[in-house]
Amino acid sequence: QHYEGERGAERAVRSVRANGIVQYFEGEKGAERKVRMDYPNGQVQHYEGERGAERVVRKEFPSGEVQYYEGEEGTSFGAYADG
């Protein structure tokens, strides 16, 4: 994991998994939330929501296709494409 901030207030900003996925985080120490995931195949997923309740709002594919998601995941969660 990669951290930023003053000593004692460091917060996670990036995590690289063994499988090549890179996760990006925002927020204060202890409240970091996932905002983006980059996959080795070139796909990028963008997230919104508080820590533990993050949901995908956009997926970008290597082909240039972009999918947008609305609603809460697991309820009226649906996608529409652009491109």
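Check the entry above for the structure.
Residues numbered from 1 in each chain as written. Predicted model: local features only at pLDDT ≥ 70, side-chain atom pairs only at ≥ 80, totals over all residues. Heavy atoms only, no water.

Participant: It is not clear to me how the pattern of salt bridges should be interpreted in this structure. Could you clarify?
Facilitator: Once their charged atoms are close, side chains differing in charge can pair, the charge on each being opposite to the other. Considering all chains together, one arrives at five salt bridges under this definition. The partner of Glu32 in a salt bridge is Arg51, and the shortest N-O contact between them spans 3.3 Å. Linking Glu32 in the loop between β3 (22-26) and β4 (33-38) with Arg51 in the loop between β5 (44-48) and β6 (55-60), this pair joins segments that are 19 residues apart in sequence. A residue is classified by how much of its surface remains accessible, and Arg51, at 48% relative accessible area, is partly exposed. (Salt bridge = Lys/Arg side-chain N within 4 Å of Asp/Glu carboxyl O. Helix = DSSP H or I, 4+ residues; strand = E, 2+ residues; numbered from the N terminus. Buried < 20%, exposed > 50% of the residue type's maximum accessible area, 1.4 Å probe, protein only.)

Participant: I'm lost on the packing of aromatic side chains in this one. Help?
Facilitator: Aromatic ring pairs are defined here through the distance separating the ring centres and the angle between the ring planes. Enumeration over the complete set of coordinates arrives at zero aromatic pairs. Sitting over the ring of Tyr47, Lys34 keeps its end group 4.6 Å from the ring centre. Its guanidinium or amino end placed over the ring of Tyr24, Arg36 lies 4.5 Å from that ring's centre, counting from NZ or CZ. (Phe/Tyr/Trp six-rings, centres within 6.5 Å; stacked < 30°, edge-to-face > 60°. Lys NZ or Arg CZ within 6 Å of the ring centre and 35° of its normal.)

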